[in-house]
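Now for the letters of each chain:
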Amino acid sequence: MVDFSGHATDVAPLLLNARLTSTVDGHRAVVRITEVEAYGGMGEDPGSHAFRRMTPRNTTMFGPPGRAYVYFTYGMHFCLNVVTCEYGIAGAVLLRAGEIVEGLDVARSRRPGSRDRDLARGPARLTVALGVTGALDGVSLTATRSPLRLRPADPVALELIGTSARTGVAGPGAPTPWRFFLRDDPSVSPYRAAV
DNA sequence: CCGACGATTTCCT
DNA sequence: GGAAATCGTCGGT
């Protein structure tokens, strides 16, 4: 797990309670991850960006593991993933939500008007709170000098982890229960079924 | 708390 | 042409 290699579904629950540190524009903020979703490889997971083929957007998803896959969606939002690819199988874990545990002042200034609980409560909110944009696509999450550093925590007891279908995923991949979250944590985003 | 709606790029049919 | 790994705002309950 130190290099985040493995199948996305195996790595995803191990990222709960992990600490992600961002150092952007000279400001530091740390989030404790409370909600994630796993996305698989080409031909494997119909809900994944990597299902069809490699494109300019999803290239980072095809490896190596331990990097940030940042994509732009809905014409205005960035979302941050941990690349978990191994044995040529693309994979990534979407960081959906967390609690800001350091750099509250920085996160507040990036998301004015937000309640503290909501600062990183959602994948696009999390990237704004941490100052993450497409410019960080492909950066290492393990290098000492990286603007994004991810440190896993001790594994969370199974009974404290909730699972569900993935938010906003429609079609054949919709029922796959690859969303993982900390039960009863207020920073977990509200679940929304796909249209 | 909930549902409806618009913003606007990338990829797919 | 249309949906998408979304969010803030608006109005109602």
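All chains use their own residue numbering, which begins from 1 and follows the written sequence. Lettering of chains starts at A and numbering of ligands starts at 1, both following the order in which they are written. Given that this is a predicted model, residues contribute local features only at a pLDDT of at least 70 and side-chain atom pairs are listed and counted only at 80 or more, while totals for whole chains, interfaces and linings are drawn from all residues. In computing side-chain properties, one takes all heavy atoms of the structure into account and sets aside hydrogens as well as water.

Structural notes on the pairing of strand β2 (residues 27–39)
Filter applied, for reference: Buried, partly exposed and exposed residues are distinguished by accessible area as a fraction of the type maximum, computed with a 1.4 Å probe on protein chains only: under 20%, between the cut-offs, and over 50%, respectively. Only DSSP runs of H or I reaching four residues or more are called helices, and only runs of E reaching two or more are called strands; each is numbered from the N terminus. What makes two strands pair is DSSP finding at least two bridges between them.
Along β2, 11 of the 13 residues are buried, which leaves the element largely enclosed by surrounding structure. Direction of pairing for strand β1 (residues 19–24) relative to β2: antiparallel, over a ladder of six bridges. Bridge pairing in β2 places V24 opposite H27. The hairpin formed by β1 and β2 contains two residues between the paired strands, and D25 there has a positive phi angle of roughly 55°. Where β2 and strand β5 (residues 92–102) come together, nine bridges link them in antiparallel fashion. Looking at β5, one finds that V36 is bridged to L95. For β2 and strand β8 (residues 179–182), the ladder comprises three bridges, and the chain directions are antiparallel. Bridge pairing in β8 links V36 to F180.

What about the packing of aromatic side chains?
Operational definition: Stacked, edge-to-face and tilted labels apply to pairs of Phe, Tyr and Trp rings (six-membered ring for Trp) whose centres lie within 6.5 Å, assigned for plane angles under 30 degrees, over 60, and everything in between, in that order.
Enumeration according to the criterion identifies two aromatic pairs in this entry. The interplanar angle of 35° and the centroid separation of 5.6 Å between the aromatic rings of Y69 and Y71 together place this pair among those described as tilted. Judged by relative accessible area, which is 1%, Y69 ranks as buried. Relative to F78, the ring of F72 lies with its centre 4.9 Å away and its plane at 45°, an arrangement referred to as tilted. Residue classification places F78 among the partly exposed positions, given a relative accessible area of 24%.

Points about the protein's contact with DNA strand C
Condition: We call a residue near a given molecule or strand whenever any one of its heavy atoms falls within 4 Å of it. Identification of polar contacts relies on pairs of N or O atoms within 3.5 Å, with a donor-acceptor requirement for protein atoms, meaning one able to donate a hydrogen and the other able to accept it, and with residues adjacent in sequence counted only if both atoms are side-chain atoms.
Near DNA strand C there are 19 residues, and of these Y71, H77, N81, R111 and R125 occur at the shortest range. Counted by atom, the contact set of DNA strand C within 4 Å of the protein is 55% sugar and phosphate. In the model, a base nitrogen of DNA strand C is placed 3.5 Å from a nitrogen or oxygen of the G47 main chain. Residue A124 places a main-chain N or O atom 3.1 Å away from a phosphate oxygen belonging to DNA strand C. Counting only elements with at least two residues in the surface near DNA strand C, the list comes to β4 (77–83), β5 and α3 (123–130).

Some details on the environment of I89
Formally: Only heavy atoms enter the contact rule, under which two residues are in contact if any of them lie within 4.5 Å.
Mapped onto the elements, I89 comes out in the loop between β4 and β5. Excluding residues that lie within four positions of it along the chain, I89 makes contacts with G41 and E44.

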